[in-house]
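# Summary of structural features
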Amino acid sequence: MTTRRMQISRRSFLKASAATGLTLAGSGLAAPALAQGAKIRLGYVSPQTGPLAGFAESDAYNIKAFLDSPAGKNFEVIVKDSQSNPNRAAEVAKSLIVDDEINLMVVGSTPENTNPVATTCEAEGIPVISTMAPWQPWFIGQQGNPGDPASWKPFKFAYHYFWGLEDIIAVYTGMWKQLSTNGKVGGLFPNDADGNAWGDPKNGLKPGLEAAGFSLTDPGRYQNLSDDFTAQVNAFKAADIEIVTGVVIPPDFTTFWNQARQQGFKPKAVTVAKAILFPQSVETLGDAGNNLSSEVWWSASHPFKSSITGQSSAELAADYTAKTNRPWTQPIGFVHSLFEVAANVMGRVQDPTDAEAIAAAIAATDMATVVGKVAWNGAGLPPFAAKNVCKTPLVGGQWRQKAGGGFDLVIVENATAPEIPVAGKMEALS
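For the structure given in this document, a descriptive report is provided here.

Conventions adopted
- Residues numbered from 1 in each chain as written.
- Predicted model: local features only at pLDDT ≥ 70, side-chain atom pairs only at ≥ 80, totals over all residues.
- Heavy atoms only, no water.
- Helix = DSSP H or I, 4+ residues; strand = E, 2+ residues; numbered from the N terminus.
- Rg over C-alpha atoms; globule rule 2.2 N^0.38 Å.
- Buried < 20%, exposed > 50% of the residue type's maximum accessible area, 1.4 Å probe, protein only.
- Contact = heavy atoms within 4.5 Å.
- Areas by Shrake-Rupley, 256 points an atom, 1.4 Å probe, with all protein chains shown as cover.
- 1 Å grid on protein atoms, 1.4 Å probe; cavity = no way out; pocket = protein on both sides within 12 Å on 5 of 7 lines; lining within 4 Å.
- Points joined across faces, edges and corners; volume = space filled by probe spheres on them.
- Axes fitted to C-alpha atoms, helices over the stretch in contact; angles between N-to-C directions.
- Left-handed = near helix turned anticlockwise from the far one by under 90°.
- Phe/Tyr/Trp six-rings, centres within 6.5 Å; stacked < 30°, edge-to-face > 60°.
- Expected span 1.5 Å × (residues − 1).
- Arc of directions from axis to C-beta.
- Pairing = 2+ DSSP bridges.
- Core = buried A, V, L, I, M, F, W, Y, C linked by side-chain atoms within 4.5 Å.
- Right-handed = clockwise from strand over helix to strand, strands pointing away.

Below, the discussion takes up the overall build of the protein. If you tally the helices and strands in the protein, you get 14 helices and 15 strands. Here the protein has a C-alpha radius of gyration of 22 Å; the compact-globule value for 430 residues is 22 Å, and the two agree. In terms of overall dimensions, the protein has C-alpha extents of about 70 × 45 × 35 Å along its principal axes. The buried share of the protein, reckoned over its 430 residues, is 57%. A fraction of 72% describes how many contacts in the protein between residues 6 or more apart in sequence connect residues 24 or more apart. Put simply, the protein shows about 16300 Å² of open surface, and 51% of that area lies on carbon and sulfur atoms.

Before going further, it helps to spend a moment on the environment of Ile-126. Tracing the chain through its elements places Ile-126 in the loop between helix H4 (111-124) and strand E4 (128-131). The sequence separation of Ile-126 and Ile-102 amounts to 24 residues, and the corresponding C-alpha distance is 8.3 Å.

So, about empty space enclosed by the protein. With the rule as written, the count across this model stands at 2 cavities of 30 Å³ or more. Each pocket or cavity is described by its volume, and for the largest cavity that value is around 110 Å³. Around the largest cavity sit 16 residues that line it, and Phe-55, Met-132, Pro-134, Asp-194 and Lys-274 are the ones nearest its centre.

The next subject is the packing of helix H3 (residues 86-98) against H4. For the pair H3 and H4, the least separation of the axes is 8 Å and the interaxial angle reads 40 degrees. When you trace H3 past H4, the crossing you get is right-handed. Of the residues in H4, those in contact with Pro-86, Ala-89, Ala-90, Ala-93, Lys-94 and Ile-97 of H3 are Glu-112, Asn-113, Pro-116, Val-117, Thr-120, Cys-121 and Glu-124.

What follows covers the packing of aromatic side chains. In total, this model carries 28 aromatic pairs according to the counting rule given. Taking the centre distance of 6.0 Å and the plane angle of 55 degrees together, the rings of Trp-135 and Phe-384 count as tilted. Within this pair, whereas Trp-135 is found in helix H5 (residues 135-139), its partner Phe-384 is found in the loop between strand E12 (372-375) and strand E13 (389-390), the two being separated by 249 residues in sequence. A relative accessible area of 3% means that Trp-135 is categorised as buried. For Phe-384, a relative accessible area of 31% puts it in the partly exposed group. These aromatic residues form a ring-pair network of at least three members: Phe-55, Tyr-159, Tyr-161, Phe-162, Trp-163, Phe-278, Trp-297, Phe-334 and Trp-376.

Over its 12 residues, helix H12 (residues 313-324) runs 17 Å from end to end, which matches the ideal 16 Å to within 8%, given 1.5 Å per residue. Within H12 the residues assigned to the buried category are Ser-313, Leu-316, Ala-317, Asp-319 and Tyr-320. In an axial view of H12, the angular spread of the buried residues amounts to 165 degrees, which keeps them on one side of the axis. The elements touched by buried residues of H12 are helix H2 (59-68) and helix H13 (331-346). Phi turns positive, to about 60 degrees, at Asn-325, one or two residues after H12.

A word on the sheet that holds strand E5 (residues 158-161). Read from one edge to the other, the open sheet built from 6 strands follows the order E2-E1-E3-E4-E5-E13, with strand pairing classed as parallel. Two strands lie at the open edges of the sheet, namely strand E2 (75-81) and E13, each paired on one side alone. In the packing of helix H14 (residues 355-363) onto the sheet, contacts are made with strand E3 (104-107), E4 and E5, and the angle to E5 comes to roughly 25 degrees.

This part is about H13. Taking 1.5 Å per residue, 16 residues should reach 22 Å; H13 reaches 23 Å between its end C-alpha atoms and fits that length. Counting buried positions over the 16 residues of H13 gives 16, a clear majority of the element.

The next point concerns the nonpolar core. With 75 residues, the main nonpolar core has Ile-129, Tyr-161, Trp-176, Trp-198, Trp-297, Phe-339 and Trp-376 as its most contacted residues. When neighbours within four sequence positions are excluded, Ile-129 is seen to be in contact with Leu-104, Met-105, Val-106, Val-107, Tyr-159, Tyr-161, Leu-338, Val-341, Val-345, Ile-362 and Trp-376. Phe-236, Phe-253, Ile-276 and Leu-429 belong to the second largest nonpolar core, which has 31 residues in total.

This part is about the pairing of strand E8 (residues 243-247). Buried residues dominate E8, accounting for 5 of its 5 residues. The alternating pattern of E8 places Ile-243, Thr-245 and Val-247 on one face and Val-244 and Gly-246 on the opposite face, and all of these are buried. When strand E6 (residues 184-188) meets E8, the two strands line up parallel, connected through 4 bridges. Each residue of the ladder has a partner; that of Gly-187, found in E8, is Thr-245. Judged from the 5 bridges that link them, E8 and strand E9 (residues 269-273) form a sheet pairing that is parallel. Directly across from Val-247, in E9, lies its bridge partner Ala-273.

Bringing the pairing of E3 into the picture now. A two-sided burial pattern is seen for E3, the buried positions comprising Leu-104 and Val-106 on one face and Met-105 and Val-107 on the other. Note that the unit made of E3, H4 and E4 has a crossover that is right-handed.

Pasting the structure below:
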């Protein structure tokens, strides 16, 4: 209680001593009032280590690009490692709020990282912008009773932008309909926020897949970092499954796919989220990675550009590769966009210590980013999520092995986002 009073006292002091009339050079945005010499403090929680570390690979690159840009000159970014652990994510979020006295939190990288941070911020009255988690596990997963829609309530300080399970269903079934299959799908759903949301028989994939003409076999939840998927493989073989889907962390998918092949299970399509977003995850599989498929939230061919650097998606991807000697990955665009949105929001706030004004500015956002339009206007969402969620476009892609080694991610399905071009058609696994 004492810490909270000290934090409020500091905010009162900053309000009383704030300077006015500054502008963000080159941004076209009015700058918030700042105490002399102070900078806006952004907290950023990301899985720097652990099984989700691939999502954080571009953090250093993106933060440097932001701070070096005209829009970033009045900001300080304080980064904390969640270690891919939800409990740790909540702990470091609380530390950023209480000890570092941040003005705004940004966070991404799956519900295991976004949810505990957003929940902590909501409880502490600190505005938070999150992404890189489907909106259902983000919104529903934070409710007191996720199983009772009548009890769900909007958030006051937490705002999220990404796609939803309805978009995954449309993209995945669009890819599968390009193939000749029996329509039988096997699901890999872990016992975590993502897996429980995707595997939920009422609000997950099952109803949407059935409406599109597919059936789902769900052998039940498994624990992350499992070393034996024999039960799942046997269940899929018994059900004559020709398509596998799910939301799987990279090490678990590698284990599953290697065991499936060893046990003679050969589906025509494997389309999974999370596990094969990254080139290195596919490359570890060698030939077995060819024609695996997944959703694509951002790529070098997306027709969008950054509001803080002016780079196109292609230029951002190329610059990342040039400076890191690493292939581009999907989180690059979304991590970059977090700082785009933060700069835009704080550029419309006169007092960076006024949490309610910042939350109001987030709600009023309407901007173009490197991942597409971000506007919390309720478009395409059910009423219960309309205040706190903004949807971004989604397409489908397939990994194709290159003659000289490595893989290319080829977009093969864009019915829900035709502005993003396709570069090929879906192919069956060999």
